[in-house]
Amino acid sequence: MKLLDQLSDVTYRDRAAEIVDRFVDECRCPITRSQINGLRQIAIQQPLRVKAFADHQRQRAEKKHETASQNAKATLESQIAFWKLVADLCETNKLPWSPATEVETQMPGELREENIPTKADCKSNEERGRRKQLKSSQKQWLDAWNNQHLPEFFRRFCIHYLYRLGRQEHSNKE
């Protein structure tokens, strides 16, 4: 648990703030508090479903965009970009850093993809069994990691987004 605390208090906090700030500086805050609360709830209760949730929200915004007035289109485009960002945070190779890329740096060496033999390299039943066991262990490790770390990252992400939203609302009142 020490690693989770350290990553949450330093890496996830800093990366979440950086990602949110970059997005909000470009697109302002197009997502409502209730949608952010929904994202936070999904991340806490079903962290492996965050990407599906983000994809669903993006598709809803895209459908609204098709029939929206010209004034509403800019906000909907920002919403689409936000949900695409959230989905990208759940995948490797989409962004320079994401919780998914952090997994790669923390995964035990024997479970890394490059250390698991390919199907073509496994000639005997013993080799195939070892590969299958390594793939199973890798999946279990990834699921356990994501179940612990995605909620922590998205908690930080949502908190910082709500902070920026509050600042934006306050500046709009002045």
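Structural data are supplied above this passage.
Residues numbered from 1 in each chain as written. Predicted model: local features only at pLDDT ≥ 70, side-chain atom pairs only at ≥ 80, totals over all residues. Heavy atoms only, no water.

## Here's the deal with helix 2 (residues 33–45)
Here comes step 1: Between its first and last C-alpha, helix 2 extends 18 Å over 13 residues, near the 18 Å set by a 1.5 Å rise per residue.
Here comes step 2: Restricting attention to buried positions, one finds in helix 2 the residues I36, L39, I42 and A43. Seen from one end, helix 2 has its buried residues packed into an arc of 120°, which puts them on one side. In helix 2, the exposed positions angled more than 90 degrees off the buried face are occupied by S34 and Q45. (Helix = DSSP H or I, 4+ residues; strand = E, 2+ residues; numbered from the N terminus. Expected span 1.5 Å × (residues − 1). Buried < 20%, exposed > 50% of the residue type's maximum accessible area, 1.4 Å probe, protein only. Arc of directions from axis to C-beta.)

## Remarks on the side chain of T101
Here comes step 1: Relative to the elements of secondary structure, T101 occurs in helix 5 (residues 99–106).
Here comes step 2: You can call T101 buried: its relative accessible area is 13%.
Here comes step 3: Engagement of the side chain of T101 in a polar contact is seen with the backbone nitrogen of S98, the distance being 2.8 Å.
Here comes step 4: If sequence neighbours within four positions are ignored, T101 has contacts with T92, N93, L95 and P96. (Polar contact = N/O pair within 3.5 Å; in protein donor to acceptor, adjacent residues only side chain to side chain. Contact = heavy atoms within 4.5 Å.)

## Regarding the pattern of salt bridges
Here comes step 1: Across all of its chains, the model carries 14 salt bridges by this definition.
Here comes step 2: The shortest N-O distance in the salt bridge between R164 and D21 comes to 2.7 Å. With R164 in helix 6 (residues 125–173) and D21 in helix 1 (residues 2–27), the pair connects residues that are 143 residues apart, well separated along the chain.
Here comes step 3: A relative accessible area of 13% places R164 in the buried class. (Salt bridge = Lys/Arg side-chain N within 4 Å of Asp/Glu carboxyl O.)

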